[in-house]
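# A structural walkthrough
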Amino acid sequence: MERLKIAIQGRVQGVGFRPCVHAIARQLGLTGWVKNNAYGVLIEIQGERVLSFTQQLTHHLPPLALIRSIQQDKIPVVQGDLLFAIHLSDNQDAANTIISPDTCVCSACLHELFDAGSRYFRYPFLNCTQCGPRLSITEALPYDRDKTSMKPFPLCEGCQQDYLDPENRRYHAQPTACTRCGPHLSMPIEAVAKRILLGEIVALKGLGGYQLIADARNERVLLRLRQRKNREGKPFALMLANLASVNSMAECDADAAHLLESSVRPIVLLKKKKNLLSDLVAPGLNEFGFMLPYTPIHYLLFNAFAGGPNGLEWLQEQQSVILVVTSANLGGNPLMIDDTEACVELEEIADRVVSYNRAIVTRADDSVTRMIHNKPMLIRRARGYVPNPIPLVNALPPTLAVGGHLKNTFCVTRGDEAFVSQHIGSLNNKASIEFFHDSLTYWLSFLNVKPERIIHDLHPDFYTSVWAKEQELPAFAVQHHHAHLASVMAEHGVEGRVLGLALDGYGYGLNGQSWGGELFLLDGEVSQRIGSFYPLFQPGGEMAVHEPWRMAVSLLHALDLKDEVDAHFPDFKQAKALYTVLEKQINTLKTSSCGRLFDAVSALLGVRTVSQYEGQAAMQLEALVTEPEVYPHGWRISENFFDLRPVLNYLVTLKDPVLGANVFHGTLIAGLADWVLGVCCETKRNQVILSGGCFLNRILAEGLVAKLKNVGVTALLPRLLPPNDGGLSLGQAWVGGKL
Ligand code: ZN
Ligand code: ZN
Ligand code: FE
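The structure contained in this document is the topic of the report that follows. Being a predicted model, the structure only gives us computed values, none of them experimental.

What counts and how
- Residues numbered from 1 in each chain as written.
- Chains lettered and ligands numbered in written order.
- Predicted model: local features only at pLDDT ≥ 70, side-chain atom pairs only at ≥ 80, totals over all residues.
- Heavy atoms only, no water.
- Phe/Tyr/Trp six-rings, centres within 6.5 Å; stacked < 30°, edge-to-face > 60°.
- Helix = DSSP H or I, 4+ residues; strand = E, 2+ residues; numbered from the N terminus.
- Buried < 20%, exposed > 50% of the residue type's maximum accessible area, 1.4 Å probe, protein only.
- Lys NZ or Arg CZ within 6 Å of the ring centre and 35° of its normal.
- Donors = N, O, S within 2.8 Å, 3.2 Å for Na, K, Ca; no water.
- Tetrahedral: all angles 85-135°; square planar, octahedral: opposite > 155°, others 65-115°.
- Disulfide = S-S within 2.5 Å.
- Salt bridge = Lys/Arg side-chain N within 4 Å of Asp/Glu carboxyl O.
- Axes fitted to C-alpha atoms, helices over the stretch in contact; angles between N-to-C directions.
- Parallel < 35°, antiparallel > 145°, perpendicular 65-115°, else oblique.
- Left-handed = near helix turned anticlockwise from the far one by under 90°.
- Contact = heavy atoms within 4.5 Å.
- Nonpolar A, V, L, I, M, F, W, Y, C, P; charged D, E, K, R; others polar.
- Patch = residues over 30% accessible without salt bridge, like charges linked within 9 Å, V, L, I, M, F, W, Y side chains within 5 Å.
- Areas by Shrake-Rupley, 256 points an atom, 1.4 Å probe, with all protein chains shown as cover.
- Lys, Arg positive; Asp, Glu negative; His and termini not counted.
- Charge placed at Lys NZ, Arg CZ, Asp CG, Glu CD.
- Pairing = 2+ DSSP bridges.
- 1 Å grid on protein atoms, 1.4 Å probe; cavity = no way out; pocket = protein on both sides within 12 Å on 5 of 7 lines; lining within 4 Å.
- Points joined across faces, edges and corners; volume = space filled by probe spheres on them.
- Polar contact = N/O pair within 3.5 Å; in protein donor to acceptor, adjacent residues only side chain to side chain.

We now examine the packing of aromatic side chains. This model, assessed by the stated rule, comprises 20 aromatic pairs. With a centroid separation of 5.5 Å and 85 degrees between ring planes, the pair formed by Phe-114 and Trp-314 is classed as edge-to-face. Here the residue Phe-114 occupies a position in the loop between α3 (107–113) and α4 (157–164), and Trp-314 occupies one in the loop between α9 (296–305) and β11 (323–327), the gap between them amounting to 200 residues. Summarising the burial analysis for this pair, Phe-114 and Trp-314 share the class buried. Pairing Phe-436 with Trp-467 gives two aromatic rings, centres 6.1 Å apart and planes at 85 degrees, and the pair type is edge-to-face. Within this pair, whereas Phe-436 is found in helix α11 (residues 430–447), its partner Trp-467 is found in helix α12 (residues 463–470), the two being separated by 31 residues in sequence. Pair check on accessibility: Phe-436 and Trp-467 agree, each one buried. An aromatic cluster of at least three residues, connected via ring pairs, comprises Phe-410, Phe-436, Tyr-442, Trp-443, Phe-446, Tyr-463 and Trp-467. In this arrangement the basic side chain of Arg-226 is found over the ring face of Phe-236, its NZ or CZ atom lying 4.0 Å from the centre.

Listed below in C-alpha cells is the structure:
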C-alpha cells in the first residue's frame with residue numbers, strides 16, 4: 001500500500017477534470033481525494049495500484065483538458081482512508097491557473113438539444129463540462145459560478161442534482177442551466193429564423209458579441225447590409241449547417257474539414273467551387289470564409305430552417321440555407337456586447353435585435369484561419385483560441401508587451417507561458433482604445449500578473465508606444481519586424497543565430513524609414529538587418545496605402561517610364577502630376593515594403609487601383625493566380641538590395657492581369673529563394689524564419705517554403721499566432737523579456 005501526492009498544472013479546471021480523476025481512482029480501487037487549488041489540481045491517492053494512476057489519467061483526459069506538468073511525491077499512508085472524495089476548492093486569491101476558451105457545443109449536448117425526452121430539449125443555453133461559454137462569461141478566477149455572469153441564475157433542483165453528481169457530465173459545470181433556471185432569448189428561435197428567411201438583417205447576441213445574420217442567398221439583403229454597415233468590399237463570412245453543405249460549395253480537404261469541425265470552430269477560408277452566391281459576399285476573391293454552427297442557438301436556427309425536426313438525422317444531410325454572419329459593429333469600433341447599446345446603435349443596421357439576459361464579460365470576435373500547406377495559419381486569433389497560453393522554452397520576468405497599432409493584441413508573460421490577448425483591432429478610435437484598456441485590466445487580473453517591464457513598438461507615435469512610455473515601469477522599444485520574426489522564434493523555441501525574412505505592409509525602421517521587406521540575422525534579443533527590398537517612393541504616405549495607383553506611379557518612376565503613366569492610368573488626372581512631383585522628389589519618403597510592392601503591381605495590372613480595405617489590392621492579385629511563372633533574370637541582388645525591377649519592367653508591357661499575377665508571384669518566390677539561399681551560404685545557416693502580413697498569401701508562403709526546402713533550407717512560419725500585426729506582441733515580449 002502506497003500514498004502519492006500529485007500536483008497537476010495546466011488547463012485542468014472547468015473541463016471535467018476532477019470527475020475524471022474520481023472515476024479512474026475508483027476503477028483502480030484507490031482512495032484519497034482531489035481538489036482544485038490556485039495552481040491547478042491537487043490529488044492524493046492511496047492503494048496498491050497508485051503507480052498506474054497517472055498513466056491511466058493521461059490516457060483518458062477529458063477533451064478540453066491540457067496538462068502542462070505533473071509533480072508526484074510519495075507521502076505517508078493515511079490509516080482508515082476508505083473512500084475517494086472530491087473536496088471543495090481552496091479559496092485563494094492568487095489564482096495561477098487558466099481557464100478553457102469558449103468551446104462549441106459538444107456532441108452529447110447537441111444530442112440532448114434535439115431529444116424530446118431530455119430536460120435540456122431545445123434549450124438555447126445548454127452546456128456541460130465539455131462545452132459552452134468559458135472566457136466570455138468569466139469575471140475572475142478561480143473559475144466558479146459566482147465569478148461568472150451566470151451568478152444571477154441560481155440552479156433549479158434538477159440542475160443542482162446534475163451539478164453535484166460526480167458521475168454526471170454537468171458535475172461542477174459552472175455555466176449549466178436549463179429552461180427553468182437559466183437565461184432566455186428575447187425572441188423565439190422559430191421567429192428569428194422566419195425573419196431571416198423573409199430577408200431581414202438580424203442582430204443576434206452571440207458568444208463573444210453581437211453578430212449580424214442574414215440570408216446569404218438573398219442579393220437584396222446583402223446589398224442592404226453592405227450599405228448599412230458602410231462596408232463596400234470587405235468579404236463576409238458564411239455559416240453553414242454542416243460539412244456536407246460546405247463540401248457542396250467549396251474545396252474542402254480532410255485537414256480543412258478537421259479544422260472546421262474542431263471545437264474551436266474558426267472561420268476557414270476555402271476556395272469556392274462555383275459561383276453559387278452573389279459576388280457581394282466576397283467581391284473579387286476566389287475564396288469564402290466558412291464556419292460551422294458553434295452555439296446551441298446556431299443549431300436551433302438551422303433546425304428551424306429545416307422545419308424543426310427532432311433528433312439529429314436532419315443534420316446528416318446537406319442543408320440549403322446559407323447565412324452571412326458578420327460582427328455587429330459600427331465603422332471600425334469593437335464588436336458590440338452591451339445590450340442597451342446594441343438596442344440603440346444596431347437599430348440603424350439591423351431590422352431586429354435579438355438578445356438574451358446573460359452578460360458577455362469580455363468580447364471575442366470569431367477567429368479566422370487559412371490553410372497553408374495543410375496546416376492552419378491564423379489571420380485573426382480570438383474566440384476559441386484565447387486564453388490558451390503559448391509555451392516558451394525559458395521563463396521570462398513578468399512582461400507586458402502592448403503590440404502594434406493595427407490588429408492590436410497584447411501579451412502578458414507568466415513564467416514560461418505567454419498569454420496573447422484576443423484580437424483587439426485597430427487603435428484608431430476611442431472605443432477600440434477603451435477595449436484595449438478594459439481587456440488589459442481584465443487579463444492582468446485573471447492571470448494574476450504584475451508586469452515588471454513594458455515593451456512597445458519602435459514607432460514613437462503609436463498609441464501603445466506613447467502609453468507605454470507614460471507608465472512608471474521601465475519601457476523598451478522593439479523594432480516592428482524584429483518583433484514579427486521573434487514571435488515565430490518564441491513559438492518554435494528557436495535559440496541562437498538564425499536568419500529571418502519579414503514581408504510586411506509597414507513598420508517603423510531603425511532609421512525612421514518605412515520598412516516591410518527585410519532580411520535579418522537574429523540572435524536572441526539582437527537583430528541585424530542585412531538586406532532589404534529595393535526601396536520605392538511612397539507618395540502621399542498613408543494615402544498610398546488606400547490608393548495603390550500611387551505606388552504604381554512610383555514604380556513607373558523607379559523604372560523611368562514616364563510615358564507609361566498615361567497608358568496605364570488614363571482616368572487618373574493626378575497620376576501624371578504625381579510623376580512630376582516624384583521627379584522633383586519633394587517631401588517623399590521611401591519604403592522597402594513588400595506589401596506596397598504588391599499594391600503597385602495590382603494597380604499596374606489594373607486589378608485594384610483604389611482599396612476599400614487593407615490588403616484588398618494584394619488579395620485580389622493573389623486570387624488571379626492560376627500557375628506561378630518565373631520570368632528569367634527577373635531580379636537582381638546587389639549591395640544588400642533585392643531588386644525586382646527587371647520583372648517589373650516586363651509586367652509594364654503586359655495586358656493580361658492573370659499572366660501578370662502568375663509572373664509576379666512566380667518571380668517573387670524564385671527571387672526571394674535565391675536571395676535567402678545566398679545569405680544562408682554566406683552565414684552558414686540552413687534555417688530561416690518567415691513572418692509579416694504578406695505570408696497570409698498562400699501562393700507566396702507555400703511557394704517560398706517549398707522552393708527553400710528543395711535547396712535544403714528549412715523555413716518556419718507562424719502557426720499559433722497570425723503573421724500579421726496580431727502576432728507582434730508575443731515577439732515584443734520575447735525580445736523585451738530577455739533585455
Ligand atoms: Zn456539452
Ligand atoms: Zn435548471
Ligand atoms: Fe507588421
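Once that is clear, we can look at the coordination of the zinc ion (ligand 1). Distances from the zinc ion (ligand 1) to its protein donors, namely Cys-106 (SG), Cys-109 (SG), Cys-128 (SG) and Cys-131 (SG), fall within the range 2.3 to 2.4 Å. If you look at the zinc ion (ligand 1), its four donor atoms make angles of 103 to 118 degrees with each other, and the shape they trace is tetrahedral. Between consecutive donor residues of the zinc ion (ligand 1), the sequence gaps follow C-x2-C-x18-C-x2-C. One end of the pair, Cys-106, is in the loop between β5 (84–86) and α3; the other, Cys-128, is in the loop between α3 and α4, and 22 residues separate them in sequence. The residues Cys-106 and Cys-128 share a single accessibility class, namely buried.

This paragraph deals with the state of the cysteines. Tallied over the entire structure, the rule returns zero disulfides. You can see Cys-694 has no disulfide; the closest cysteine sulfur is in Cys-594, sitting 3.8 Å from it. For Cys-694, a relative accessible area of 10% translates into the label buried.

The next subject is the environment of Asp-461. In this fold, Asp-461 is placed in the loop between β18 (453–457) and α12. Given a relative accessible area of 59%, Asp-461 falls into the exposed group. Once the C-alpha coordinates of Asp-461 and Leu-113 are considered, the two residues, 348 residues apart in sequence, prove to be 52 Å apart.

For the rest of this paragraph, the subject is the coordination of the iron ion (ligand 3). Around the iron ion (ligand 3), the protein contributes the donor atoms His-480 (NE2), His-484 (NE2), Asp-504 (OD) and Asp-725 (OD), which lie 2.1 to 2.3 Å from the metal centre. One way to put it: the four donor atoms around the iron ion (ligand 3) meet at angles of 87 to 168 degrees, and that makes the site irregular. Taken in chain order, the donor set of the iron ion (ligand 3) reads H-x3-H-x19-D-x220-D. Separated by four residues within a single helix, His-480 and His-484 lie in helix α13 (residues 480–492), roughly one turn from each other. Taken as a pair, His-480 and His-484 share a single burial class, namely buried.

Here the structure, examined in full by the defined rule, presents 28 salt bridges. Across the pair Arg-228 and Asp-351 runs a salt bridge, and its minimum N-O distance is 3.1 Å. Residue Arg-228 is located in helix α6 (residues 219–229), and its partner Asp-351 is located in the loop between α10 (339–345) and β12 (352–354); the two are separated by 123 residues in the primary sequence. Using a relative accessible area of 30% as the deciding quantity, one classes Arg-228 as partly exposed. Look at the salt bridges and you will find they share partners, linking Glu-287, Arg-370, Glu-622 and Arg-698 into a network.

As a further point, take the packing of α11 against α12. To describe two helices that pack against each other, one gives the angle between their axes and the distance between the axes. It is the contact of α11 with α12, at a shortest axis distance of 12 Å, that shows an interaxial angle of 45 degrees. With respect to α12, the element α11 is oriented oblique. Judged by the twist between their axes, the crossing of α11 over α12 is right-handed. Judged by residue contacts, Ile-433, Phe-436, His-437 and Leu-440 of α11 engage Tyr-463, Thr-464 and Trp-467 from α12. Of the residues belonging to the contact of α11 with α12, the class tally is five nonpolar, two polar and no charged.

Right, let's talk about a negative patch on the surface for a bit. Together, Asp-338, Glu-341, Glu-345, Glu-347, Glu-348, Glu-434 and Asp-438 give the surface a local cluster of negative charge. Contributing elements (two or more residues each) for the negative patch: α10 and α11. As for its position among the elements, Glu-434 is in helix α11.

Spatially, the nine strands line up as an open sheet ordered β12-β6-β7-β11-β8-β10-β9-β13-β14, and their pairing is mixed. Two strands lie at the open edges of the sheet, namely β12 and β14 (375–380), each paired on one side alone. Strand-to-strand twist of the sheet, defined as the mean angle between neighbouring strand axes without regard to direction, takes the value 35 degrees. Sheet analysis places strand β8 (residues 237–239) next to β11, joined by three bridges and oriented antiparallel. The partner of Ala-237 across the bridge, within β11, is Val-325. Its contacts with the sheet put α6 on β7 (210–215) and β11, and the angle it makes with β11 is roughly 10 degrees.

Turning our eyes to something else, we now look at empty space enclosed by the protein. Taken as a whole, this structure holds six cavities of 30 Å³ or more when the rule is applied. Space inside the largest cavity adds up to approximately 150 Å³. Along the wall of the largest cavity there are 19 residues; nearest its centre are Pro-133, Leu-207, Thr-295, Pro-296 and Arg-358. Residue composition of the lining of the largest cavity, by class: twelve nonpolar, five polar and two charged.

So, on to helix α18 (residues 594–604). Helical geometry: 3.6 residues make up each α-helical turn, so side chains three or four residues apart lie on a common side. Taking burial as the measure, the eleven residues of α18 include eleven buried ones, the bulk of the element. If you check which residues of α18 are buried, you get Cys-594, Gly-595, Arg-596, Leu-597, Phe-598, Asp-599, Ala-600, Val-601, Ser-602, Ala-603 and Leu-604. Sitting at the amino-terminal end of α18 is Ser-593, which places a side-chain oxygen 3.1 Å from the backbone nitrogen of Gly-595. Looking one or two residues beyond α18, the residue adopting positive phi is Gly-606, at roughly 75 degrees.

Quick look at the sheet that holds strand β16 (residues 399–401) now. Taken in spatial order, the five strands make up an open sheet running β15-β17-β16-β18-β19, and their pairing is mixed. Each of the sheet's edge strands pairs with one partner strand only, and the pair in question is β15 (390–396) and β19 (475–478). Averaged over all neighbouring strand pairs, the angle between strand axes comes to 30 degrees, with direction disregarded. In this structure, β16 lies alongside β18, joined through three bridges in parallel fashion. When the bridges of β18 are listed, Ala-401 appears paired with Ile-455. Each of β16, β18 and β19 touches α12; the most contacted strand, β18, lies at about 155 degrees to it.

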